[in-house]
Amino acid sequence: MPTRLLRPPHSLRTEVVSPKLFSVWEEGAVGREDSHYRPEGVDGRKGGHPRSGGATGRVPVPEAHLPRTPVPPPADGIDPDATVQLTRSGERPPPPMWRPPDRAPVADRLPASAGPTAGFAAPVPQPGAGGAGEPPAGPAPEYGRPPARRRLPLAVLATVLLLALVGAGLAVVRPGPVAGWLGADRPSPQAPAEAAEPEPVPVLAGPDGNAPEPTPDGVRAALEPLLRAPELGSRVNVSVADVTSGRSLYSRGGDAGTVPASVTKLATAVTVLGARGPDHRIPTRAVAGANPGEVVLVGGGDPTLAVDGDGFYPDAARLDDLAKQVKQALGGTAPTRVVVDSSLFPGQVYGPGWDSDIPTGGFGAAISALMTDGARRDPQAAKKNFDTSHGWAERVPQPDLVAGRAFARLLGLTGAAAEVKRDTAPSAGAAPSAAAPAPGAELGKVESLPMIRLVDLMITDSDNVIAEALARQVALARDQPASFVGGAAATDIVIGELGLSADEITLSDGSGLSRSNRISPSLLTDLISLAGNGTHPELAAIFGGLPVAAWSGTLGGRYQVPATAAGAGVVRAKTGTLTRVHAIAGLVTTADGRLLTFAVLTDQTPPDSLDDTRRALDRITSALARCGCR
């Protein structure tokens, strides 16, 4: 098998690759994206189980203590997704520590970037319209019919990133860049005091960059018998690579575009971190309108914006804080009305290739530049019921207007004055009058969590709305329309800038809800290797939210039978599921301590094979964990 060194663009590669003509057989079955197709709780997100992948790294780091989340046992002592009884009345074993391995110099194995260096510098409308909706009074996106979550503690996310950076051979001194990315220089609400916990201890050895590398023949012998499992269907495409060296160890249909489902979010995460940087924050502004007392609420694309302290996402920017700024800026002028400007995101609000029931199914939403709580109608109920509902929540069909009405109430407007309309904000530049700020003058601004934390929320909970918002941030950073089409085009641009093959990805959205998406398994392993080998430290944030096998997220109820037990704690991966589509991509440490990246995508599985197909995928990744493959 030819050696692949982080797969440079095709003009620099020696192996034969498939052209960008992706096709896949489908029957048009309606399904759900990975953590969103959840009959009878088969996804592994059971009440009380931790879901934050980053919260599971049990490695002591100076000044960063990892809280141990207690895991209450299921009522009957049995994990509903497992076929064996849990130990000690339902307790899960503590998860392993993880570090990217020590690496050899990379100058001789990385291609030069094909464009501007992706890093910390910030930087065609989609055909088809939404259906009926309230007619806008001004320019606005087209609205159609109306249509996970334990949070990663700040110290834990810092720990994961420090491990990624230090393990990759980079010198990092706290507070270092990670503290800045996480907003350590900004005040934050004081959390209630908690009892100190014992210093965590490692339970598994970390990966060893000097461990023997598996051979292609060894990997082939371990995997190929498992790939013949009938529950995987007729099309199974696989890529396995070594993170330290970047070499390809196994490829079966590795360059073939395959429906990735929610694994798409890995591409969205890498490109938004590369385009915007880990410390970028998304603003929501209020500016003076054309008439005295008129306030324009301008959406910047923050999907986590909250009305007040009872929002769905922790530590989110808040409209009540913005309202206080506006009142102060207006001085003696009383607010008279609110206008909303959500024109930053043009085009249709539901994605091409989405199943017809997704807009009303509770896991998608109308994508708008202005929304609160990911467009959830009742964010408090959504928080309370997250585990039992598996993240399903009713969404509002016109989230910008809902946000505007909440803002009007916060400004003290009632009755007819509290109704809002859509329009574009006036340009700044006019001279202010003695009684009121000039039209277009900024009256206040609040900012989202830093990008590093938005990415973690997206991956941990497989949050589709955050994913679509972040894809539009990639578009804005690369001067593309902030739409489904623009996000896809900008993703191609950034992947090319990173020196990877943009002709092995074709996207219609950033979340993976679209059945029109195609990504090759080998591009996924390239993206993961690039994020983990230390050459782009800003990309390491993708690892903070990855679910851990048999421990957290969508892998929390998996890897608990003897055939897959070797993967427990050492497989960390993003999963993806639509009806007849199953995917998994991430990292695994072999029995010898070597860190590998893998992607297994299958998009022609038998009907009604959800559980069996997932177990077949788990056996494949566990085989990599179990063997030295030499």
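In what follows, the accompanying structure is described. (Residues numbered from 1 in each chain as written. Predicted model: local features only at pLDDT ≥ 70, side-chain atom pairs only at ≥ 80, totals over all residues. Heavy atoms only, no water.)

**Regarding the state of the cysteines**
- This model, assessed by the stated rule, comprises 1 disulfide.
- Here Cys627 pairs with Cys629 through a disulfide, and the sulfurs are 1.7 Å apart. Disulfide Cys627-Cys629: the torsion about the S-S bond is -45°, which places it as left-handed.
- Judged by its relative accessible area of 15%, Cys627 is buried. (Disulfide = S-S within 2.5 Å. Buried < 20%, exposed > 50% of the residue type's maximum accessible area, 1.4 Å probe, protein only.)

**Details of unusual backbone geometry**
- One non-glycine residue, Ala375, lies in the positive phi region at around 70°.
- With respect to the element layout, Ala375 can be found in the loop between strand 5 (337–341) and helix 6 (379–384).
- Positive phi is not limited to glycine here, since Tyr559 has a value of about 65°.
- With respect to the helices, strands and loops of the structure, Tyr559 is situated in the loop between helix 12 (521–532) and strand 10 (571–578). (Helix = DSSP H or I, 4+ residues; strand = E, 2+ residues; numbered from the N terminus.)

**So, the packing of helix 5 (residues 319–330) against helix 8 (residues 399–410)**
- Packing of helix 5 against helix 8 brings their axes to within 9 Å, and their N-to-C directions diverge by 50°. Considering the angle they form, helix 5 stands oblique to helix 8. For helix 5 against helix 8, the interelement crossing comes out right-handed. Where helix 5 approaches helix 8, its residues Leu319, Asp320, Leu322, Ala323, Val326 and Lys327 are matched on the opposing element by Ala403, Phe407 and Leu410.
- Partitioning the contact of helix 5 with helix 8 into residue classes produces 7 nonpolar, no polar and 2 charged. (Axes fitted to C-alpha atoms, helices over the stretch in contact; angles between N-to-C directions. Parallel < 35°, antiparallel > 145°, perpendicular 65-115°, else oblique. Left-handed = near helix turned anticlockwise from the far one by under 90°. Contact = heavy atoms within 4.5 Å. Nonpolar A, V, L, I, M, F, W, Y, C, P; charged D, E, K, R; others polar.)

**Quick look at the pattern of salt bridges**
- Under the defined criterion, the tally for this structure stands at 20 salt bridges.
- In this structure, Arg247 and Glu213 form a salt bridge, with 2.9 Å as the shortest nitrogen-oxygen distance. Here the residue Arg247 occupies a position in the loop between strand 1 (236–242) and strand 2 (248–252), and Glu213 occupies one in the loop between helix 2 (176–181) and helix 3 (216–227), the gap between them amounting to 34 residues.
- Asp618 is paired through a salt bridge with Arg558; the nearest N and O atoms lie 2.7 Å apart. With Asp618 in helix 13 (residues 610–626) and Arg558 in the loop between helix 12 and strand 10, the pair connects residues that are 60 residues apart, well separated along the chain.
- Classification of Asp618 as buried rests on a relative accessible area of 2%.
- Its relative accessible area of 8% is what places Arg558 among the buried residues.
- When salt bridges with common partners are traced through the structure, they connect Glu213, Asp242, Arg247 and Arg594 into a single cluster. (Salt bridge = Lys/Arg side-chain N within 4 Å of Asp/Glu carboxyl O.)

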